[in-house]
Amino acid sequence: MDKQIVEIDMADVGHGNPAWIAALEAGKVLYFPDFGSYGKAGFAPQKEELALFREDIRDPKIRNISLSADGDLKGVVGDDATKALAAGMIGRFRAEAEALVGNLVPRYGEHLRRGATSFRPSVVQNRVQSWRADDRRMHVDAFPSRPNRGERLLRIFTNVNQEGAPRVWRVGEPFEDVAKRFLPRVKPYVRWQARVLDALGVTKSLRSEYDHLMLQLHDAMKADLDYQKNAPQVTFGFPPGCAWVCFSDQASHAVMSGQYMMEHTLQLSPMQQYDKQASPLAILTRLRGHALV
Ligand code: SIN
Ligand code: FE
């Protein structure tokens, strides 16, 4: 397997470097070891923000603390000053994450749609959840209630752990290999079922065949314990202070351990990619032989 994690110094990010663009669009993870300590750009929490670094800052009823694109903060337990501190920290990270993406892939520019930004204070190893929600199993991101018809999920992560703990990920094989392996076993798309889900409000809009296939891949990967153990993969600990960027709907990933991470999501039409043939929509369309959206 080709190297799935590509290391880049902040000083070498450049503006539209073709090698980084090709790697990102091939589903690799771009890794920036000095994101938190690079003078001109990057992000590190400020001293007063360290008060936010306790596990019970998160409302246990909510999976992640998040700041929506509109600026709504969710999931913080505390008074107004605490909430303002959290919103400020998350907003600062969001600005730096977007600046980094602006330099990496300038042509995405105004086509990027801002999603939510999260602060994740929980210990990954302690999370109790169903196999389907368990991100310790390798998967590509796909969401049951939010069909996206091929729109890309570009995510920027930073490990803000203050005690030296890495965020340990596994990164798996390229998307096309995943698709070729699992497509023969997935359930076929049934349009009337998608209509029923939409009418019942289970989905926010009609689930397309693309969305159906992505969910099937997500579930098939997570359900297959032999695959989880034996599939081509690398384990990597992202150290505190670093950042990493990937298309999480394409890069096969799992999180094994860590605490305190921030993440920002951007969405992009696959038509705005440098290489349109590299998207999961293009790959699945080619493998299936008909239009999926
Ligand atoms: C995921 O996107 O699967 C979770 C990543 C993380 O929490 O590190
Ligand atoms: Fe994920």
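It should be noted that the structure appears before, not after, this text.
Residues numbered from 1 in each chain as written. Chains lettered and ligands numbered in written order. Predicted model: local features only at pLDDT ≥ 70, side-chain atom pairs only at ≥ 80, totals over all residues. Heavy atoms only, no water.

K.L.:
Hey, could you run me through the site of ligand 1 in this one?
P.N.:
Around ligand 1, the neighbouring residues are Arg120, Asp135, His139, Arg167, Trp169, His253, Val255 and Met261. Here Arg120 contributes a side-chain N or O atom positioned 3.4 Å from an oxygen atom of ligand 1. For ligand 1, whose accessible area on its own is 260 Å², the fraction buried by protein is 98%. Only β7 (167-172) and β10 (253-257) provide two or more residues apiece to the shell around ligand 1. Broken down by class, the residue content of the shell around ligand 1 amounts to three nonpolar, two polar and three charged. (Near = heavy atom within 4 Å. Polar contact = N/O pair within 3.5 Å; in protein donor to acceptor, adjacent residues only side chain to side chain. Areas by Shrake-Rupley, 256 points an atom, 1.4 Å probe, with all protein chains shown as cover. Helix = DSSP H or I, 4+ residues; strand = E, 2+ residues; numbered from the N terminus. Nonpolar A, V, L, I, M, F, W, Y, C, P; charged D, E, K, R; others polar.)

K.L.:
What is the right way to look at the coordination of the iron ion (ligand 2) in this model?
P.N.:
Tetrahedral metal sites with four donors have an ideal angle of 109.5 degrees; octahedral sites with six donors have ideal angles of 90 or 180 degrees. Within the first shell, the iron ion (ligand 2) binds the protein through His139 (NE2), Asp141 (OD) and His253 (NE2), at distances of 2.1 to 2.2 Å. Read in sequence order, the donor residues for the iron ion (ligand 2) give the motif H-x1-D-x111-H. Of this pair, His139 sits in the loop between β5 (113-120) and β6 (152-159) while His253 sits in strand β10, and the two are 114 residues apart along the sequence. (Donors = N, O, S within 2.8 Å, 3.2 Å for Na, K, Ca; no water.)

K.L.:
It is not clear to me how the state of the cysteines should be interpreted in this structure. Could you clarify?
P.N.:
Defined simply, a disulfide is a covalent bond joining two cysteines at their sulfur atoms. Within the structure shown, the criterion is met by zero disulfides. Cysteine Cys242 is unpaired, with the sulfur of Cys246 as its nearest cysteine sulfur at 12 Å. The exposure class of Cys246 is buried, given its relative accessible area of 0%. (Disulfide = S-S within 2.5 Å. Buried < 20%, exposed > 50% of the residue type's maximum accessible area, 1.4 Å probe, protein only.)

K.L.:
I keep staring at the sheet that holds β6 and nothing clicks. Help me out?
P.N.:
Strand pairing in a sheet is mediated by backbone hydrogen bonds. Such pairs are either parallel or antiparallel. In spatial order, the strands read β1-β2-β9-β6-β11-β5-β3-β4; together these eight strands make up an open sheet with mixed pairing. The sheet terminates laterally at β1 (5-7) and β4 (73-74), the two strands that pair on one side only. Inspection of the sheet shows β6 paired to strand β11 (residues 261-268) by eight bridges, in the antiparallel sense. When the bridges of β11 are listed, Arg155 appears paired with Thr265. (Pairing = 2+ DSSP bridges.)

K.L.:
I tried to follow the pairing of β7 on my own but got confused; where do I start?
P.N.:
Two faces belong to every sheet, and in a regular strand the side chains alternate between them. Here β7 lies mainly inside the structure; six of its six residues are buried. Burial of β7 is two-sided: the residues Arg167, Trp169 and Val171 facing one way and the residues Val168, Arg170 and Gly172 facing the other way are all buried. Sheet topology places β7 next to β10; four bridges connect them, and they run antiparallel. Paired with Trp169 across the bridge in β10 is Val255.

K.L.:
Help me understand the packing of aromatic side chains in this model?
P.N.:
Each aromatic ring pair is summarised here by two numbers: the centre-to-centre distance and the angle between the ring planes. One pass over the full model with this rule turns up 15 aromatic pairs. Between the aromatic rings of Phe182 and Tyr227, the centroid separation amounts to 4.8 Å while the plane-to-plane angle is 85°, which identifies the pairing as edge-to-face. Separated by 45 residues along the polypeptide, Phe182 in helix α3 (residues 175-182) and Tyr227 in helix α6 (residues 225-230) bring together distant segments of the chain. Residue classification places Tyr227 among the buried positions, given a relative accessible area of 4%. Taking the centre distance of 5.0 Å and the plane angle of 70° together, the rings of Phe236 and Phe238 count as edge-to-face. For Phe238, a relative accessible area of 0% puts it in the buried group. Linked through ring pairs, Tyr31, Phe157, Trp169, Phe236, Phe238 and Trp244 together constitute an aromatic cluster. Over the ring of Phe247 we find Arg152; its NZ or CZ atom is 4.0 Å from the centre of that ring. (Phe/Tyr/Trp six-rings, centres within 6.5 Å; stacked < 30°, edge-to-face > 60°. Lys NZ or Arg CZ within 6 Å of the ring centre and 35° of its normal.)

K.L.:
Would you explain unusual backbone geometry in this entry?
P.N.:
Its identity as a non-glycine residue notwithstanding, Arg149 has a phi of 50°, on the positive side. You can see Arg149 is positioned in the loop between β5 and β6. Since its relative accessible area comes to 43%, Arg149 is described here as partly exposed. One non-glycine residue with positive phi stands out, namely Tyr260, at about 75°. Relative to the helices and strands, Tyr260 is located in the loop between β10 and β11.

K.L.:
Can you help me understand the side chain of Arg207 in this one?
P.N.:
As for its position among the elements, Arg207 is in the loop between α4 (191-199) and α5 (209-223). Here Arg207 occupies a buried position and makes no salt bridge, while the nearest side chain of opposite charge, Asp211, is found at 6.9 Å. Look past the residues within four positions of Arg207 in its chain and what remains in contact with it is Pro144, Pro147, Tyr189, Ala194, Leu197, His212 and Leu215. (Lys, Arg positive; Asp, Glu negative; His and termini not counted. Salt bridge = Lys/Arg side-chain N within 4 Å of Asp/Glu carboxyl O. Contact = heavy atoms within 4.5 Å.)

K.L.:
Mind showing me how you'd approach the packing of α3 against helix α7 (residues 280-288) here?
P.N.:
Each pair of packed helices can be summarised by the angle the axes make with each other and by the distance between the axes. Across the interface, α3 lies against α7 with an axial gap of 10 Å and an inter-helix angle of 35°. The interaxial crossing formed by α3 with α7 has right-handed handedness. Across the interface between the two elements, Phe175, Glu176, Ala179 and Lys180 of α3 pack against Pro280, Ile283, Leu284, Arg286 and Leu287 of α7. For the contact of α3 with α7, the class distribution of residues is six nonpolar, no polar and three charged. (Axes fitted to C-alpha atoms, helices over the stretch in contact; angles between N-to-C directions. Left-handed = near helix turned anticlockwise from the far one by under 90°.)

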